[in-house]
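Structural description and commentary
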Amino acid sequence: MDVNGTVAEGFEPVREAFVRNFATLGDRGAAVAVYRDGHKVVDLWGGTKDVDGTAPWERGTAQVVRSATKGVAAAVLLLLHQRGQLDLDAPVGHYWPEFKARGKERVLVRHVLNHRAGLPVLDRPLTPQEALDPLKGPEAVAAQAPVWEPGTDHGYHALTYGWLLDELVRRVTGQGAGQWLASQVTGPLGLDLWLGLPESEAGRAGRVGRVEGAEPTGGLRARPKRSVTEAYEDPASLTRRAFAAISPFPDQNDPAYRAAALPATNAVATADGLARFYATLIGDTAGATRLFTPETVDLARTEESAGPDRVLVVGTRFGLGYMLHGSASPFLTPGSFGHPGRGGALGFADPETGIAFGYVTNGFRKTVTADPRAQGLVRAVRRALSL
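Residues numbered from 1 in each chain as written. Predicted model: local features only at pLDDT ≥ 70, side-chain atom pairs only at ≥ 80, totals over all residues. Heavy atoms only, no water.

**Things to note about the environment of Gly347**
The test is simple: Strands here mean DSSP runs of E at least two residues long; helices mean DSSP runs of H or I at least four residues long; both are numbered from the N terminus. Two residues form a contact once any of their heavy atoms are found within 4.5 Å.
Among the secondary structure elements, Gly347 is positioned in strand S12 (residues 346-350). Spatially, the C-alpha atoms of Gly347 and Gly71 are 7.8 Å apart, while their sequence positions differ by 276 residues. The contacts of Gly347, once residues within four sequence positions are left out, are Leu274, Tyr278, Gly338, His339 and Phe357.

Here it is, written out as structure tokens:
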């Protein structure tokens, strides 16, 4: 496998792990970028642009990052809070009156970010066409009754998270989350990261699809626990229903899907765009001042939810909008915060080491939160830092 790009001295283990992903873990096309204290120390890419093609992955090739989108979108609400435009402890209905229906009066803005709103499912799933309409998802969530008392427990809002967040942003700013992000963050910073891929950039996005690979040996579980498997197989479980809030799920290679803004699932990014986004959350980068104040970083990574997740059926940890380092999704150190994408992608920041990480791929595996390819790269960063 020809791997392109560079690594700074001392970060050679990341290149070795990246090559191993292609050799043994099924990668067809992928890229990884790492920043340290605002400076790029890893910039690697290889394979093919399309999971089923032969054209090479180039510098600037972008991919759908699935739920790694959630960490990008969370920054919008936290920045609005940082600017004094949004109160995290206000009821969602304060900004969105129609949302109060069916026992949701006590759902707070922070419950949207920490997955405690009790709204991971829809009694009537949306069609793919409805899901691309920016009004239909919020309308469906506003009409939905919670499946547990809001604030009392947590469960991953796999798809509904996006509609909850998007409508809050729209009610506060008059723009959807994708528009606000482009005008306030990714556009000014020149990041190759979009929530709603513009037609002018559509040619950079590769085709994604399912891949298989040998299971790694060592610290990662080769097979999920029986309870997890059963939850994904049971049509009546919260797990299946949460991931089926859009049914059938849209074709992720459809230009119309990529052009829409679904803040839970469909950001398109390069590895560098994802890594530099996180680098700028926690510190200054070339030509850009940090986005999050230290207080906002603390909000992002202070534990709000922990323990058995009613949807993912494993122990998860969440701050406000971000997964936290733990067994379900290991990052670099206990102070890291970020978000994986189902089947592969990963972005996170670690303020103590100054590391920001981005991995994108066109090949999705069956993993949900801890893909072995991304985890191998994270372990390589850990070795490079002698952690």
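**Description of unusual backbone geometry**
Along the chain, Ser247 connects to Pro248 via a cis peptide bond; the corresponding omega equals -5 degrees. Tracing the sequence through the fold places Pro248 in the loop between helix H10 (238-243) and helix H11 (255-259). In the Ramachandran plot, Arg66 falls in the positive-phi region, its phi being about 50 degrees despite a non-glycine side chain. Note that Arg66 resides in the loop between strand S4 (63-64) and helix H2 (69-82). Located in the positive-phi region is Val313, a residue other than glycine, with phi close to 60 degrees.

**Digging into helix H9 (residues 226-233)**
Note the following rule: Burial classes: relative accessible area under 20% of the type maximum marks a residue as buried, over 50% as exposed, and values in between as partly exposed (1.4 Å probe, protein chains only). This arc corresponds to the set of directions leading from the helix axis out to the C-beta atoms.
Buried within H9 are the following residues: Val228, Ala231 and Tyr232. The buried residues of H9 occupy one face: seen down the axis, they fall within an arc of 95 degrees. Relative to its buried face, H9 has exposed residues pointing more than 90 degrees away, namely Arg226 and Glu233. Contacts made by the buried residues of H9 are with H10.

**Remarks on the sheet that holds strand S7 (residues 268-269)**
As a general point, the strands of a sheet are linked pairwise by backbone hydrogen bonds and lie either parallel or antiparallel. For the record, the criterion: Two strands are counted as paired when DSSP detects at least two bridges linking them.
If you trace the three strands from one edge of the open sheet to the other, you get S4-S7-S5, paired in antiparallel fashion. Taken across any chain shown, the strands that pair with only one partner, and hence form the sheet edges, are S4 and strand S5 (193-194). Two strands pair when backbone bridges link them, and S5 and S7 are joined in this way by two bridges, in the antiparallel orientation. Each bridged residue has a counterpart across the sheet, and for Leu193 the counterpart in S7 is Ala269.

**Here we look at the pattern of salt bridges**
For clarity, the cut-off: Each salt bridge in this description consists of a side-chain nitrogen of Lys or Arg and a carboxyl oxygen of Asp or Glu lying within 4 Å of one another.
Here the structure, examined in full by the defined rule, presents 20 salt bridges. A salt bridge links Arg110 to Asp89, with the shortest nitrogen-to-oxygen separation between them at 2.6 Å. Taken as a pair, Arg110 in helix H4 (residues 109-113) and Asp89 in the loop between H2 and helix H3 (92-95) lie far apart in primary sequence, 21 residues in all. Classification of Asp89 as partly exposed rests on a relative accessible area of 43%. For Glu167, the salt bridge goes to Arg170, with nearest N and O atoms at 3.1 Å.

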